[in-house]
Amino acid sequence: MDQAKEMYDYHAWANAKIFERLKELPEDLYKKELKPSIFPSLQTVMIHIYLTDLLWLEVMNGRDMKEVWGENDQIRLQADSCALQEMETMYNELTEKYKAFIQQNDMEKVFTVDNPYAGLLDTTPTETIFHISTHGNYHRGNAAAMLRQEGHPSVMQDYGLYLYVSRNGFKSPV
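This one's a predicted model, so the numbers in the text were calculated from it and none came from an experiment.

S.K.: What am I meant to see in the overall build of the protein chain here?
M.R.: Each helix and strand in the protein chain was counted, giving 6 helices and 2 strands. Going residue by residue from the N terminus, the α and β elements of the protein chain occur as α-α-α-α-β-β-α-α. Residue burial in the protein chain is summarised as follows: out of 174 residues, 45% are buried. Counting only contacts in the protein chain whose residues sit at least 6 apart along the sequence, the fraction spanning at least 24 positions is 71%.

S.K.: Explain the pattern of salt bridges to me, please; I cannot follow it from the model alone.
M.R.: It is possible for side chains bearing opposite charge to pair when their charged atoms get close. Scanning the entire structure with this criterion turns up 10 salt bridges. Across the pair Glu33 and Lys35 runs a salt bridge, and its minimum N-O distance is 3.1 Å. Assessed through its relative accessible area of 53%, Glu33 is described here as exposed. Exposure remark for Lys35: the relative accessible area of 65% places this residue in the exposed category. Close ionic contact of Glu67 with Arg63 constitutes a salt bridge, the shortest N to O distance being 2.7 Å. Taken together, the shared-partner salt bridges connect Glu58, Arg63, Glu67 and Glu71 into one network.

S.K.: Is there a simple way to think about the packing of aromatic side chains in this case?
M.R.: Per the stated rule, a full pass over the model turns up 9 aromatic pairs. With a centroid separation of 5.2 Å and an interplanar angle of 80 degrees, the aromatic rings of Trp69 and Tyr117 are classed as edge-to-face. Of the two residues, Trp69 is situated in helix α3 (residues 65-80) and Tyr117 in the loop between β1 (111-115) and β2 (119-123); the sequence distance between them amounts to 48 residues. Taken together, the ring pairs in this structure connect Tyr10, Trp13, Tyr159 and Tyr162 into an aromatic cluster.

S.K.: Would you mind going over the side chain of Asn15 with me for this structure?
M.R.: Tracing the backbone shows Asn15 in helix α1 (residues 3-24). Overall, the relative accessible area of 0% leaves Asn15 in the buried class.

S.K.: In this structure, what is going on with unusual backbone geometry? I would like to understand it.
M.R.: What you tend to see is this: most non-glycine residues have negative phi, and most peptide bonds are trans. Each neighbour pair has its own omega, and for Lys35 with Pro36 the value is -15 degrees, a cis peptide bond. Along the polypeptide, Pro36 turns up in the loop between α1 and α2 (42-60).

S.K.: Just checking my understanding: could you explain the nonpolar core for this structure?
M.R.: Inside soluble globular proteins, nonpolar side chains tend to come together where they are buried. Grouped together as the largest cluster of nonpolar side chains are 51 residues, with contacts concentrated most on Tyr98 and Ile129. Those elements that provide at least two residues to this core are α1, α2, α3, α4 (84-104), β1, α5 (125-149) and α6 (159-168). Setting aside anything within four residues of it in sequence, one finds Ile129 in contact with Ala4, Met7, Tyr8, Met60, Tyr98, Ile102 and Met107.

S.K.: When you look at the environment of Val113 in this model, what are you seeing that I'm missing?
M.R.: Mapped onto the secondary structure, Val113 falls in strand β1. In sequence terms Val113 and Ser154 are 41 residues apart; their C-alpha atoms lie 35 Å from each other.

S.K.: Is there a simple way to explain the packing of α1 against α4 in this structure?
M.R.: In a pair of packed helices, the angle between the axes and the distance between the axes together describe the arrangement. α4 packs onto α1 with a crossing angle of 170 degrees between their chain directions and a minimal axis gap of 11 Å. Taken as axis vectors, α1 and α4 run roughly antiparallel relative to one another. The segment α1 lies against α4, with Ala4, Lys5, Tyr8, Asp9, His11, Ala12, Asn15, Phe19, Leu22 and Lys23 engaging Leu84, Gln85, Met87, Glu88, Tyr91, Leu94, Thr95, Tyr98, Lys99 and Ile102. Class assignment of the residues belonging to the contact of α1 with α4 gives a composition of 11 nonpolar, 4 polar and 5 charged.

Reading guide: rules and limits
Residues numbered from 1 in each chain as written. Predicted model: local features only at pLDDT ≥ 70, side-chain atom pairs only at ≥ 80, totals over all residues. Heavy atoms only, no water. Helix = DSSP H or I, 4+ residues; strand = E, 2+ residues; numbered from the N terminus. Buried < 20%, exposed > 50% of the residue type's maximum accessible area, 1.4 Å probe, protein only. Contact = heavy atoms within 4.5 Å. Salt bridge = Lys/Arg side-chain N within 4 Å of Asp/Glu carboxyl O. Phe/Tyr/Trp six-rings, centres within 6.5 Å; stacked < 30°, edge-to-face > 60°. Core = buried A, V, L, I, M, F, W, Y, C linked by side-chain atoms within 4.5 Å. Axes fitted to C-alpha atoms, helices over the stretch in contact; angles between N-to-C directions. Parallel < 35°, antiparallel > 145°, perpendicular 65-115°, else oblique. Nonpolar A, V, L, I, M, F, W, Y, C, P; charged D, E, K, R; others polar.

See the structure below:
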């Protein structure tokens, strides 16, 4: 089994679960300012996950991290004006790019990241996929806590449930 593909598929599935849940809730909740919270809104959480995923795909494709970071500021401004459905569409398009990357590249080929804050790191696309998945888990947890803070249940989107759903066709009641 291709571990990078499996982990990315989980990451995309879990993000889709959060988008599905957000679409079930009052439309204004997505952009509502929430205090106190680690993020100002659910929208900023989803944009942060998206921008981080975008950054790492660009870096795995050989682009300079600092350059991509600079471009992400402009993308963040555009995403701020997007409705939930538009953000989901952007994420789905990025998911397709990731799937193509995983299919077309050697996931164990070492490349060097020059992170302006942390320095040089030799890593692989597989390790990077694991990073974006765990990063997404952390922030999907933020989104879940924010939903509960507003009186709404979140949705299960942990890796164990993903395995039951993807391998056994399990239909989760939550």
